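Each chain, written out:
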Amino acid sequence: MDLLPRHRDQFRSAGYWEEFFKKRGKKSFEWYGEYADICGILHKYVKTSDKILMVGCGNSQLSADMYDIGLQAITNVDISDVVIKQMKEKNKDRTEMSFVKMDVTKMDFEAGSFSTVIDKGTLDALFTDKSDDVVKTVEKMFAEIGRVLRVGGRYICVSLAQRHILDKIMDYFVGIGWPVRLHRVVEDPDKELEKEFHMPVFVFVMTKFMPMPNPIKILEVCYNEDKIERVSSTDEVVAVVESMQHYALARQQLNKRSLDANDGQINIELFSPASSSPRYTMNVVDRDVRVSKNRKFAIFIVPQGREVEWLFSTDQGRVQLAQSAGFKRLIVVALHRDQKYDSLDAIQAELSSKVMELAPPNLGDIKVPFLSIGDEIGQRSIKHRGTNKMTGDYVIEDVITEGDIMRRLIFLNNPMVVQSEARMTKVQIKKKGGKNKTTKMVVDTSHLACQFHVGMVAGLAFVEDFQKLSESRIDIALIGLGGGSLAMYLHDAYPNIYLDAIDIDPDTLQIATDWFDFQADDHLRVFICDGLAYIDKLAKQGLKKHVIMFDVDCKDMSLGMSCPPRAFVEKEVLEKVDKILHPEGVFILNLSCRNKDIEKEVLDEMKTVFRGMFSKQVQDDVNKLVYALPSSRSHSQDLKDAQLLGYNLRRTAGILQDLMKSRAASKKDGSAGLVAMLEDLVIV
């Protein structure tokens, strides 16, 4: 018997429900679970002395079950005459409970008649879409519920909390000053998986307050019976709900089959009962391989601070990790900042039950291994929080990785990408007025934390007769300051480099100065302006640079190219760059592009401007370094002779390394990779 409507609009039709309950007969229809599933939440808020209104009662057993345990002052209303007659007959022995045919958007009860209104699925049935008529109907329902509730009474709404419904509940009730509390209905996990399609059920509890000007926003999330947490924004509530919904769908999918190549990897966030922010991010990686029973499933815990590395932050990297580990399904677990973790054992104990819900089908009774790198979970320390006018919230954090303390700038709108990074080192400084010394952590400017920065420095080898020029003057323009690590490295390593660093964002310069020990002087100047305007000005003035570097990121992550913005590689701009370069100079581009078609378009455009081009793919990264020689470059050097060119470049890179070593602040200087970066160059 098909009881589902042909179109969702029928859910709002009295005629549909008349036909529904005629076909359904006396058998109850339980939207969103049985009484046993939600009674633990209901009885936190409903007392035996309460006058209760059940809106859209249908033929649910909920009112009868509540009546039988002592909650007897229950009035049930529904728009269907059929179901009201059925329920009167079915409950004729429950003499204190009444059933009334009534439209919930225009009820006949006096104001303040009830202390509790319960809605199990009625809002979801009415709120089928966001059209004006539907929204007006829902607002009428909310207004009527608010009218018939006494002050201090509660509206308890059981819902699937689809996004439009969630948004409306937040907007309406928070707007009129009612506190909103969210519960998740927890069912038996095995019972959930038996269902063909399952979505988590939520209970919203809204408490009627007297109208007040500028009401205080009260939002709470209840994760279990003992823990209720106040949250500051509706966005946090939405994030919690959507995370739970996504987890339920993912679990359903993963329990029935393995992912194939077309599915991609599933990303799941787990929230802690103690926090409204994610505690873990889990990426599920499946490989189509035959393995032994004991190699079907494993969990890999990524140490704090290492979640941004290519191996753990990209689909390709995680596939490689699963392949290296040798498991058919690997769940890669990243630990979030702002969370406290005691040890690998504690994390394993916390995650054991949850990750087993994501096990592949027919796993059987095996011990699932928890893997990591070494025995430590890493250390992370938030040094500063701020808001950037252009990119939003950011953090400065120190993480310990492989024995080094690394300082990072992370923009929280893209938390898996390190915007800037520097290694910290200890130095001793004298105290004022005495001989005693104190230890201070400072940025080690002799170290390049990012491999693509190593590649950009190595690109100086393309400067013709670099050694001779380095004894007099080399002019460089760097578009994109970031934390200033690349600029400070070039400044400290090569004393005759005169570098202009350009950044459009004044906050960036402040961050670099305050947290990355950046210092400008007559060899290192900073210009706060649009990089395109700077290039245009140089071209108009006829000024020349030996090296121009583009290391500027794109703020719009949806464009397929995260570095640089597309405007920086338009032909008109490239021609200006070519005009600015000395004949012996080089243009160095940090190109980060996941869309191969866009990457090809950029490289093809560049080839129409520059005389010769070479590229180097940064290992285990999406970044590619492009080295372009100006059209004015002498034709005396055969750029097609890759062997001779490679030899000359590596010889010059060796000179670069020697110069750096003589000025390194520590024994662990960052110059060692310059020669290697110029191996296996590709002629574009």
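Bear in mind the structure is a predicted one, so any value in this text is a computation, not a measurement. (Residues numbered from 1 in each chain as written. Predicted model: local features only at pLDDT ≥ 70, side-chain atom pairs only at ≥ 80, totals over all residues. Heavy atoms only, no water.)

1. A short note on the overall build of the chain
Along the chain, the regular secondary structure elements total 21 helices and 28 strands. Looking at the 684 residues of the chain, the share that counts as buried comes to 52%. By sequence separation, contacts in the chain at least 24 residues apart represent 69% of the contacts at least 6 residues apart. (Helix = DSSP H or I, 4+ residues; strand = E, 2+ residues; numbered from the N terminus. Buried < 20%, exposed > 50% of the residue type's maximum accessible area, 1.4 Å probe, protein only. Contact = heavy atoms within 4.5 Å.)

2. With respect to helix α11 (residues 315-325)
Here α11 has its buried residues at Gly-317, Arg-318, Leu-321, Ala-322 and Ala-325. Along the axis of α11, the buried residues cluster in a sector spanning 140°; they form a single face. Structural note: α11 exposes Gln-323 and Ser-324 on the side pointing more than 90 degrees away from its buried face. At its buried positions, α11 is contacted by β11 (278-286), β12 (297-302), α10 (310-313), β13 (329-335) and β14 (370-371). (Arc of directions from axis to C-beta.)

3. Observations concerning the sheet that holds strand β19 (residues 437-443)
Where strands meet in a sheet, backbone hydrogen bonds hold them as pairs that are either parallel or antiparallel. Strand order in the open sheet formed by 5 strands is β15-β16-β17-β18-β19, with antiparallel pairing between adjacent strands. The sheet terminates laterally at β15 (379-388) and β19, the two strands that pair on one side only. Strand after strand, the sheet turns through a mean of 25° between neighbouring axes, direction not considered. Pairing between strand β17 (residues 404-411) and strand β18 (residues 420-430): 5 bridges, direction antiparallel. Looking at β18, one finds that Ile-405 is bridged to Met-424. Its contacts with the sheet place helix α16 (residues 506-515) against β15, β16 (392-401), β17 and β19, and it is angled at close to 150° to β15. (Pairing = 2+ DSSP bridges. Axes fitted to C-alpha atoms, helices over the stretch in contact; angles between N-to-C directions.)

4. Here we look at the packing of helix α6 (residues 132-148) against helix α7 (residues 163-175)
Where α6 meets α7, the closest approach of the two axes is 12 Å, and the angle between their N-to-C directions is 45°. Of the possible angle classes, the one that applies to α6 and α7 is oblique. Crossing handedness for the pair α6 and α7: right-handed. Residues Val-135, Val-138, Glu-139, Phe-142 and Ala-143 of α6 form the contact with α7, whose own contacting residues are Lys-168, Ile-169, Tyr-172 and Phe-173. Here the residues of the contact of α6 with α7 sort into 7 nonpolar, no polar and 2 charged. (Parallel < 35°, antiparallel > 145°, perpendicular 65-115°, else oblique. Left-handed = near helix turned anticlockwise from the far one by under 90°. Nonpolar A, V, L, I, M, F, W, Y, C, P; charged D, E, K, R; others polar.)

5. Examining the confidence of the model for the chain
Per-residue confidence for the chain averages 84 on the pLDDT scale, and 85% of its residues sit at or above 70. In this model residues 193-197 is a low-confidence stretch, pLDDT under 50, and it forms 11 contacts with partners more than four residues away in sequence or in other chains. Throughout residues 664-671 the model reports pLDDT below 50, and contacts reaching past four residues in sequence, or to other chains, amount to 23 contacts. (pLDDT = per-residue confidence, 0-100.)

6. A look at the sheet that holds strand β6 (residues 180-185)
Pairing within the open sheet is mixed, and its 9 strands lie in the order β3-β2-β1-β4-β5-β7-β6-β8-β9. Strands with a single pairing partner mark the edges of an open sheet, and in this sheet they are β3 (98-101) and β9 (228-231). If you compare each strand with its neighbour and ignore which way they point, the axes differ by 20° on average. Lying on the sheet, α6 is in contact with β1 (52-55), β4 (114-120) and β5 (149-159); it crosses β5 at an angle near 140°.

7. As for the packing of aromatic side chains
Given two aromatic rings, one states the distance between the centres and the angle between the planes to describe the pair. Scanning the model with the defined rule gives 17 aromatic pairs in all. Plain terms: the ring middles of Tyr-155 and Phe-173 are 5.7 Å apart, the flat faces sit at 50° to each other, and that makes the pair tilted. With Tyr-155 in strand β5 and Phe-173 in helix α7, this residue pair connects regions lying 18 residues apart in the sequence. Look at Tyr-155 and you get buried, because its relative accessible area is 0%. Take Phe-173: its relative accessible area is 0%, and that puts it in the buried class. Above the plane of the ring of Phe-327 lies Arg-295, whose end atom (NZ or CZ) is 4.2 Å from the centre. (Phe/Tyr/Trp six-rings, centres within 6.5 Å; stacked < 30°, edge-to-face > 60°. Lys NZ or Arg CZ within 6 Å of the ring centre and 35° of its normal.)

8. Considering the side chain of Asp-50
Structurally, the position occupied by Asp-50 is in the loop between α2 (35-42) and β1. No salt bridge is formed by the buried Asp-50; the nearest opposite charge belongs to Arg-150, separated by 4.5 Å. Engagement of the side chain of Asp-50 in a polar contact is seen with the side chain of Ser-115, the distance being 3.3 Å. Within the structure, the side chain of Asp-50 is placed 3.4 Å from the side chain of Thr-116, a separation counted as a polar contact. Those residues in contact with Asp-50 that lie beyond four places of it in its chain are Tyr-45, Ala-73, Ser-115, Thr-116 and Arg-150. (Lys, Arg positive; Asp, Glu negative; His and termini not counted. Salt bridge = Lys/Arg side-chain N within 4 Å of Asp/Glu carboxyl O. Polar contact = N/O pair within 3.5 Å; in protein donor to acceptor, adjacent residues only side chain to side chain.)

9. Points about the packing of helix α13 (residues 451-458) against helix α15 (residues 485-493)
Running from amino to carboxyl end, α13 crosses α15 at an angle of 40°, the nearest separation of the two axes being 11 Å. Judged by the inter-axis angle, α13 sits oblique to α15. Between α13 and α15 the crossing geometry is right-handed. Of α15, the residues touching α13 (which contributes His-453, Met-456 and Val-457) are Leu-486, Tyr-489 and Leu-490. Across the contact of α13 with α15, the residue classes break down as 5 nonpolar, 1 polar and no charged.

10. Quick word on the pattern of salt bridges
For the structure on display, the rule yields 34 salt bridges. Among the ionic pairs, Lys-92 bridges to Glu-89, the shortest N-O distance being 3.2 Å. The exposure class assigned to Lys-92 is exposed, which follows from its relative accessible area of 55%. With its nearest N and O atoms 3.2 Å apart, the salt bridge here joins Lys-545 to Asp-500. Here Lys-545 is found in strand β23 (residues 545-550), whereas its partner Asp-500 is found in strand β21 (residues 497-503), with 45 residues between them in sequence. Exposure remark for Lys-545: the relative accessible area of 7% places this residue in the buried category. One salt-bridge network, in which partners are shared between bridges, spans Glu-307, Arg-337, Arg-380 and Glu-397.

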